Structures are given as C-alpha cells and as structure tokens.
Amino acid sequence: MKGYQRRKRKASGNGKRRARHRGPAVLPDELVAAVVGQSAEDLCQEGLDALARQGARVLLEAGMEAEVTEFLGRLRYGRGGTATGYRNGHRRRSLTCGSGSFEVRLPKVTGAPEPFERKTLKAYARQSDLIREVMPLLYAEGLSTRDFERALGPFWEEAGLSRSSVSRANRQLYEAFDAWRRRDLSHRRVLYLFLDGYHERVRFGTKEKEGVLVAHAILADGSRELLAVALGPRESTEAWKAVLDDLKARGLRAPALVISDGAPGLIAAIRAVWPQVPRQRCIAHKMWNVLARVPKRLQGEVERDLKKVFYAPCLDEAKAAAAAFLEKWGDRLPTACETFATDLEDCLTFYRFPEAHWKRIRTSNVLERAFKEVRRRTRVVGRFPTERSALVLIWASVEQDRLRWRGVKITAELLEAAEAAAEELSRQPLVIDCARQYLDAA
C-alpha cells in the first residue's frame, strides 16, 4: 500500500511539473493588441459579434497578404522574387457580414506587368453573399424597405442601409421572377394541376381588388412545382384562359387531372383549353357552399353527413351516402341539397384515382393556406406601385411557402394507375344517378 501511494504521488508530481513547463493557454494580450488593435479584455467585453467581426477582418487581411506574397514571389521586405512589382501601402473598405460592419485594409501592388487581382475579396464587394441572399427573403417575408432601415440599419451602423441599397438587393427577385415566368415547361410531366385564385389590392388610387391567379402542379416524380402567378379581373374566363394558354405555349402538356374550386370562369376556361381532362372540384369549397345554405342549428349534423360522402372508403359507398343525404335533407333543405347535387360528379372524381393520392387531390387547401400567408405579407405594403411589384412579392411568398409543401408518393404502378384513370374518365365520365335525378325533379 505504501509503495502504491508513493507511485501515485510521483505520477501526480510529474503531471504538475509538466503543467508548469507548458506554454500559456491563451495568446498574450500584447499579441492580441498588435493583431486586432485592442486588448483581449476590451474585445471580450464587446461581445461575440465584435469578436466575429475582428476575426473576419484578421483572416481577410491575412489571406490578401498571402495572395500578394504569392503574386510577387517574396515576403514583405524580401528581395528578389518572380515579379517586378512591389507593395504600395493599403486602402480601406467597409464590409458588411452577418455579424455587422467592419473596416478592412486592402493591399495595393504597383509596378507589376500584370494587374494584381484578389481572390479572397472580389473587386467592389462590400457585402457577403449571405446578406444579399437574406435581404430578398426578408422582403418576401413581408418586410418593407422602411422595416429594413429601422430593424437592420442600427445593426450595420456606418455601412448604411438606404432604400436604394435594399432595392438593389431585391432586384434579383425581379430578375428571377422574369426568368421563371418565361421558362420552358415542355420537360415537365404534370400529373395533377391545381388552379386557384384570390383577390388582392394591387394599384394605387383605387379600392378595387384584382384576381391573383395561381397554378401549381404535382409532377410525375411526386414533387410540387409552382407554374404560374398572374393577375386577372375577378377570375374571369378570359383571364384564366390566358393563364392556361400561356402554360400550353411554354410546352406544358395536358395533366391527368385538374383540381379547382367551383368558380364559373375557371371551369369554363378549363373546358375550353382541355375539354377531355377530368376535373376534381375541391370538396372543402363544396362543403362550405352547402353549409352556407343550412341553418346554424343543423350545420353540425349536415357536416357529418357530408363527410360520409366525401370521406367514404370507396366510390360505391360515397354514392350510397350521397343518395342517403338527398333523401334525408331533400325536403327540409332543398337549396342546400341543390347546391350539393350540382357538379357532384366532379367532387367525387378523385375516387377513380389511386387511393394513396386521395388526401392530396380532393382539395385545393394547400393553395388556400398559401394565400393566407401571402395576405399577411401584402398587408405590409398596402398598395403596390406596379403590377410587377405585386406579382413579384406574391410569387416569392408562394414559392417560399411551396418549399414546405409535402410531395406525393408516386411509384411506377401508381403513375400508371393515375394515367389509366384519366384516360378512362375522358372516354366515360363519372355519373352520379341520385344527383341527376334530384336536379331533374327539382
């Protein structure tokens, strides 16, 4: 036991001796002051952002000095080298990065046969790429240029943040939108096409709202893609037909199924452009339309009966539930039942398609949720100065929301079944006898 304790004390003493000969755990304050220009204590007191800015400055300046050394072939104050030029001081430039603004020294080289070009910091660069990417995203989130100045101006301090700088940063949104709305669609294999619209205040000097027409698709690989964003007066047939004609002109082939609400202008445009393509009417809109014609005390019971139709396990049970609904409520709620029976075939089209897709194709709710988010962001603007500015913000908002949309599982078998269902419906449309009989009797 005594020998063990002696060995333990000896080992502990060796460790202490080694620790005494080890160098300091941090850089000396004099070295920090020489490199950064302030003491380590002052730097730490300013916080992590200040430390990040100073670190970025030191690394940038060190990288540029290394580039000059490589270009000239010699160190500072060195002789010889491969180039005939020489260092000629520095000039200063303000930069902005994620942690704020700071000033960096740019080395100058003169007398060389070729101009010195930096790779570490590109010519005229004053902001990090991340800042340029974030600013348009913040604009798409609903921040106005005044919000930028108020929220980010004090953070960037001497770098300044004017409305013109925000507008220049957001210019890439306009360029991206122009390229997006002209892109070729001939290589897209659209399985399900969703069409919907909402109304937005667009122009100065008027209280009227205009229709914003949106088309998005589920492609054959299961992914979702936004296809069109356009303005149209009150979702008229002519406006929707112009959107669909533009999609066809850019190469879009007829989809297997079109999903929409019951807007008459939209339905007429679909039938004019793609008369053979089956249509699925959004069951959520249908239920809202029916319940709007039902007394409040009966709405709960009627809604439960509607769900038996639209959420039945198969088409036959949905037909049976529809017949039971009309028999139960036909005399008590004739207006609601007439609304229910009208275009009921289009509401049940999804039953002909693969069951794995029913949840995604029986409603257009994904666009309805996107429109709520768009309204939240456009309220910041109020009235847009131009049509283009309105469309750009709406497109950016919907496109950003689309990244959160869930895709659809599509295998070779499911794809084949969906296309076979579309072909069968084009030859023999779905007929709901009880709905036809009710409407004929009414």
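Here the structure is a predicted model, which is why all the values come from computation and not from measurement. (Residues numbered from 1 in each chain as written. Predicted model: local features only at pLDDT ≥ 70, side-chain atom pairs only at ≥ 80, totals over all residues. Heavy atoms only, no water.)

**Student:** Help me understand the overall build of the protein in this model?
**Tutor:** The number of helices and strands found in the protein is 19 helices and 7 strands. Residue burial in the protein is summarised as follows: out of 442 residues, 45% are buried. When contacts within the protein are restricted to residue pairs at least 6 apart in sequence, those whose partners lie at least 24 apart make up 66%. Surface accessibility of the protein: about 24,600 Å² in total, with carbon and sulfur atoms responsible for 51%. (Helix = DSSP H or I, 4+ residues; strand = E, 2+ residues; numbered from the N terminus. Buried < 20%, exposed > 50% of the residue type's maximum accessible area, 1.4 Å probe, protein only. Contact = heavy atoms within 4.5 Å. Areas by Shrake-Rupley, 256 points an atom, 1.4 Å probe, with all protein chains shown as cover.)

**Student:** For this particular structure, what's the right way to read the nonpolar core?
**Tutor:** Burial of nonpolar side chains together is a common tendency in soluble globular proteins. Core analysis: the biggest nonpolar cluster contains 74 residues, and Tyr192, Phe310, Phe340 and Phe353 have the highest contact counts within it. Counting residues in each nonpolar core, the second largest holds 25 residues, with Leu193, Leu227, Val258 and Ala263 among its members. (Core = buried A, V, L, I, M, F, W, Y, C linked by side-chain atoms within 4.5 Å.)

**Student:** Before we go on, may I ask you to explain helix H17 (residues 387-402) in this structure?
**Tutor:** Each turn of an α-helix holds 3.6 residues, which means side chains three or four residues apart point in the same direction. Taking 1.5 Å per residue, 16 residues should reach 22 Å; H17 reaches 22 Å between its end C-alpha atoms and fits that length. Of all the 16 residues making up H17, 13 are buried; the element is thus mostly covered by neighbouring parts of the structure. (Expected span 1.5 Å × (residues − 1).)

**Student:** What is the right way to read helix H8 (residues 237-249) from this model?
**Tutor:** Here H8 is 13 residues long and its end C-alpha atoms lie 18 Å apart, about the 18 Å a rise of 1.5 Å per residue gives. When we look at burial in H8, the residues that qualify are Ala239, Trp240, Val243, Leu244 and Leu247. For H8, the angular spread of buried residues about the axis comes to 130°, placing them on one side. The outward face of H8, more than 90 degrees from its buried face, is lined by the exposed residues Glu238 and Ala249. Taken together, the buried residues of H8 touch strand S3 (190-201), strand S4 (209-219), strand S5 (224-232) and helix H9 (264-273). (Arc of directions from axis to C-beta.)

**Student:** Sorry, what's going on with the sheet that holds strand S6 (residues 257-260) here?
**Tutor:** Picture the strands of a sheet paired through backbone hydrogen bonds; they go either parallel or antiparallel. Read across the sheet, 5 strands follow the order S5-S4-S3-S6-S7 without closing on themselves; strand pairing throughout is mixed. Each edge of the open sheet carries a strand with a single partner, namely S5 and strand S7 (279-281). Neighbour-to-neighbour, the strand axes of this sheet turn through a mean angle of 20°, independent of strand direction. Along the sheet, H9 contacts S3, S6 and S7; its crossing angle with S6, the most-contacted strand, is approximately 170°. (Pairing = 2+ DSSP bridges. Axes fitted to C-alpha atoms, helices over the stretch in contact; angles between N-to-C directions.)

**Student:** Explain the packing of aromatic side chains here, please?
**Tutor:** What the rule picks out here adds up to 10 aromatic pairs. Measuring from centroid to centroid gives 5.0 Å for tyrosine 351 and tryptophan 358, while their planes differ by 75°, and the two rings are edge-to-face. Like tryptophan 358, tyrosine 351 is buried. Grouping aromatic residues by their ring pairs yields a cluster made of Phe177, Trp180 and Trp395. (Phe/Tyr/Trp six-rings, centres within 6.5 Å; stacked < 30°, edge-to-face > 60°.)

**Student:** Honestly, the side chain of threonine 339 in this entry has me stumped. Any pointers?
**Tutor:** With respect to the secondary-structure elements, threonine 339 resides in helix H13 (residues 334-341). Its relative accessible area of 16% is what places threonine 339 among the buried residues. Those residues within four positions of threonine 339 in sequence are excluded, and the remaining contacts are Lys286, Asn289, Val290 and Arg293.

**Student:** I tried to follow the packing of helix H10 (residues 283-291) against helix H11 (residues 299-310) on my own but got confused; where do I start?
**Tutor:** Axis angle and axis distance: for two packed helices, these are the angle between their axes and the distance between the axes, and together they describe the pair. Contact geometry of H10 with H11 gives a least axis separation of 11 Å together with a crossing angle of 150°. On the basis of the axis angle, H10 is roughly antiparallel to H11. The handedness of the crossing between H10 and H11 comes out as right-handed. Packed against H10, whose contacting residues are Ile283, Lys286, Met287, Val290 and Leu291, the element H11 presents Gln299, Val302, Glu303, Leu306, Lys307 and Phe310 at the interface. (Parallel < 35°, antiparallel > 145°, perpendicular 65-115°, else oblique. Left-handed = near helix turned anticlockwise from the far one by under 90°.)

**Student:** Sorry if this is basic, but what is going on with the pairing of S6 here?
**Tutor:** The two faces of a sheet get side chains in turn, since along a regular strand they alternate between them. The alternating pattern of S6 places Leu257 and Ile259 on one face and Val258 and Ser260 on the opposite face, and all of these are buried. In the sheet, S3 pairs with S6 via 3 bridges, with the strands oriented parallel. Residue pairing for S6: phenylalanine 194 is matched across the bridge by isoleucine 259. Here S6 pairs with S7 via 3 bridges, running parallel. Its bridge partner being in S7, serine 260 is matched across the sheet by arginine 281.

**Student:** Just to check I follow, could you spell out the layout of surface pockets for this structure?
**Tutor:** Over the atoms rolls a probe the size of a water molecule, and its path tells where empty space is left. Size it by volume and the largest pocket reaches roughly 450 Å³. The wall of the largest pocket is formed by 22 residues, among which Arg271, Arg279, Asp346, Pro429 and Leu430 lie closest to the centre. Looking at the lining of the largest pocket, the elements that each hand over two or more residues are H9, helix H14 (344-347), helix H18 (412-427) and helix H19 (433-441). (1 Å grid on protein atoms, 1.4 Å probe; cavity = no way out; pocket = protein on both sides within 12 Å on 5 of 7 lines; lining within 4 Å. Points joined across faces, edges and corners; volume = space filled by probe spheres on them.)

**Student:** It is not clear to me how the packing of H8 against H9 should be interpreted in this structure. Could you clarify?
**Tutor:** One way to put it is that H8 packs onto H9 with a least axis distance of 8 Å and a crossing angle of 40°. One way to sum up the angle between H8 and H9 is to call them oblique. Of the two possible hands of crossing, H8 and H9 adopt the one that is right-handed. Contact residues: Thr237, Trp240, Lys241, Leu244, Asp245 and Lys248 in H8; Pro264, Gly265, Leu266, Ala268, Ala269, Ile270, Ala272 and Val273 in H9. Partitioning the contact of H8 with H9 into residue classes produces 9 nonpolar, 2 polar and 3 charged. (Nonpolar A, V, L, I, M, F, W, Y, C, P; charged D, E, K, R; others polar.)

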